[in-house]
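Topology and contacts: notes
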Amino acid sequence: MLSPSRLGDLCDALEKHYGQQEPSWPADPYLFLVWWHCGYPASDSACAKGWESLQREIGVGPDQLLKANPAKLALALKPGGMVPELRAMRLKEIAERIEKEFGGDLLEGLKGLPIARVRAALKKFPNIADPGADRILLFGGISPVAAVPSNCPHVLVRMRIGQEHENYGVTYKEAQRMIAEDVPAKFDVRIRAYLLLKCHGQRVCKLKNPKCSECPVSASCAFFGGNTRGRAAIS
Ligand code: SF4
């Protein structure tokens, strides 16, 4: 049986089951912001569809987005899902800030700033809160923060200590603390943990109706062992 107190063991077991994971989004902070607005509701598959269409029809550089006709930009984003007109407007806002505030290069413009200022700058972009900022910091190679997949912070919490909290922010912070305490602050290991937890949360340990009977780590899962922390079990 795995030691539930060692996140490295859990990651080994998840990787053995799902295989090695690779990010499906761009690592560069600016390109990630564009990719993130290519789909709505934002998901890997929706963003990938919009991204592919945007690259083909318009391009993804700040100058290309700024020059693009708004209607054509919205049309290019349509394969990514809902509200393409709003997402087109957001992309123009992002491109304008990149040009005016960062000299056309976000990563370069953030270099040398204290992490708190980098985080604050990232959170000024539309639809970027702490989980998005953490993701950019980690995958963009800016700081090896303890980022948690924004759509499944419950995964690690369930495995380690039982049912997640009702409040998303509390669960996110709890998962973040577990990663910070147990995974060395190195880009490769924290990216690996992020990707495996995300994969497990999307395929098996879903927010509603987790497929515990198919779970490769159920033997060392606190939630599976009956710890619902005073809440009714998920039905
Ligand atoms: S046993 Fe169930 S709750 Fe625990 S990690 Fe697996 S799917 Fe999630």
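What counts as what
- Residues numbered from 1 in each chain as written.
- Predicted model: local features only at pLDDT ≥ 70, side-chain atom pairs only at ≥ 80, totals over all residues.
- Heavy atoms only, no water.
- Helix = DSSP H or I, 4+ residues; strand = E, 2+ residues; numbered from the N terminus.
- Rg over C-alpha atoms; globule rule 2.2 N^0.38 Å.
- Buried < 20%, exposed > 50% of the residue type's maximum accessible area, 1.4 Å probe, protein only.
- Contact = heavy atoms within 4.5 Å.
- Areas by Shrake-Rupley, 256 points an atom, 1.4 Å probe, with all protein chains shown as cover.
- Lys, Arg positive; Asp, Glu negative; His and termini not counted.
- Charge placed at Lys NZ, Arg CZ, Asp CG, Glu CD.
- 1 Å grid on protein atoms, 1.4 Å probe; cavity = no way out; pocket = protein on both sides within 12 Å on 5 of 7 lines; lining within 4 Å.
- Points joined across faces, edges and corners; volume = space filled by probe spheres on them.
- Nonpolar A, V, L, I, M, F, W, Y, C, P; charged D, E, K, R; others polar.
- Expected span 1.5 Å × (residues − 1).
- Polar contact = N/O pair within 3.5 Å; in protein donor to acceptor, adjacent residues only side chain to side chain.
- Phe/Tyr/Trp six-rings, centres within 6.5 Å; stacked < 30°, edge-to-face > 60°.
- Lys NZ or Arg CZ within 6 Å of the ring centre and 35° of its normal.
- Disulfide = S-S within 2.5 Å.
- Near = heavy atom within 4 Å.
- Sits in = over half its atoms within 2 Å of the grid points.
- Core = buried A, V, L, I, M, F, W, Y, C linked by side-chain atoms within 4.5 Å.
- Axes fitted to C-alpha atoms, helices over the stretch in contact; angles between N-to-C directions.
- Parallel < 35°, antiparallel > 145°, perpendicular 65-115°, else oblique.
- Left-handed = near helix turned anticlockwise from the far one by under 90°.

1. Re the overall build of the protein chain
- Tallying secondary structure elements over the protein chain gives 12 helices and 0 strands in all.
- The helix and strand sequence of the protein chain, counted from the amino end, reads α-α-α-α-α-α-α-α-α-α-α-α.
- Taken against the 2.2 N^0.38 rule, which gives 18 Å for 235 residues, the C-alpha radius of gyration of the protein chain at 19 Å falls within 12% of a compact globule.
- A buried classification covers 48% of the 235 residues belonging to the protein chain.
- Within the protein chain, contacts between residues at least 6 apart in sequence are counted, and of these 63% link residues at least 24 apart.
- Only carbon and sulfur atoms are counted for the fraction: they give 55% of the accessible area of the protein chain, which is about 11,400 Å².
- The protein chain carries 32 positive and 25 negative side-chain charges, and their two centres are separated by 3 Å.

2. Things to note about empty space enclosed by the protein
- Taken as a whole, this structure holds 1 cavity of 30 Å³ or more when the rule is applied.
- Looking at the largest cavity, it is lined by 14 residues, and the ones nearest its centre are His-200, Cys-205, Cys-212, Cys-215 and Cys-221.
- In terms of residue class, the lining of the largest cavity is built from 10 nonpolar, 2 polar and 2 charged.

3. Thoughts on helix H11 (residues 168-182)
- With 15 residues, H11 should cover 21 Å at 1.5 Å per step; its first-to-last C-alpha distance of 21 Å lies within 8% of that length.
- Buried within H11 we find Thr-171, Tyr-172, Glu-174, Ala-175, Gln-176, Met-178 and Ile-179.
- Of the surrounding elements, those touching the buried residues of H11 are helix H1 (7-18), helix H9 (130-139), helix H10 (154-161) and helix H12 (187-203).
- Structurally, the start of H11 carries an N-cap: the backbone nitrogen of Gly-169 is 2.8 Å from a side-chain oxygen of Asn-167.

4. Describing the packing of aromatic side chains
- Applying the stated rule across the entire model yields 9 aromatic pairs.
- On the numbers, 6.4 Å between centres and 25 degrees between planes, the contact of Trp-35 with Trp-36 is stacked.
- By way of ring pairs, the aromatic residues Trp-25, Phe-32, Trp-35, Trp-36, Phe-139 and Tyr-194 are connected into one cluster.
- Above the ring of Phe-223, the side-chain terminus of Arg-158 is found at 5.7 Å from the ring centroid.

5. Overview of the state of the cysteines
- The tally for this structure, following the rule as stated, stands at 0 disulfides.
- Cysteine Cys-47 is unpaired, with the sulfur of Cys-38 as its nearest cysteine sulfur at 6.7 Å.

6. Observations concerning the site of the ligand
- Around the ligand, the neighbouring residues are Arg-158, Met-159, His-200, Val-204, Cys-205, Pro-210, Cys-212, Cys-215, Ser-218, Cys-221, Phe-223 and Phe-224.
- Using a 2 Å cut-off from the grid points, one finds that the ligand occupies the largest cavity.
- Here the residues of the shell around the ligand sort into 9 nonpolar, 2 polar and 1 charged.

7. Side note on the nonpolar core
- Formed by 42 residues in total, the largest nonpolar core has its most connected members in Val-34, Leu-54, Leu-65, Leu-106, Leu-122 and Ile-128.
- Within the residue set of this core, elements represented by two or more residues are helix H2 (29-36), helix H3 (44-57), helix H5 (70-77), helix H6 (84-102), helix H7 (106-110), helix H8 (115-123), H9 and H12.
- With sequence-adjacent residues up to four places away left out, Ile-128 is seen in contact with Phe-32, Leu-33, Trp-36, Leu-122, Lys-123, Ala-133 and Ile-136.
- Of all hydrophobic cores here, the second largest spans 28 residues; its members include Leu-7, Ile-179, Leu-196 and Cys-215.

8. Points about the packing of H1 against H12
- Interaxial distance between H1 and H12 falls to 10 Å at its minimum, and their mutual angle equals 60 degrees. The orientation of H1 with respect to H12, classified from their angle, is oblique. Classified by chirality, the crossing of H12 by H1 is left-handed. In this structure, H1 uses Cys-11, Asp-12, Leu-14, Glu-15 and Tyr-18 to contact H12, whose residues at the interface are Arg-192, Ala-193, Leu-196, Leu-197, Cys-199, His-200 and Arg-203.
- By residue class, the composition of the contact of H1 with H12 is 7 nonpolar, 1 polar and 4 charged.

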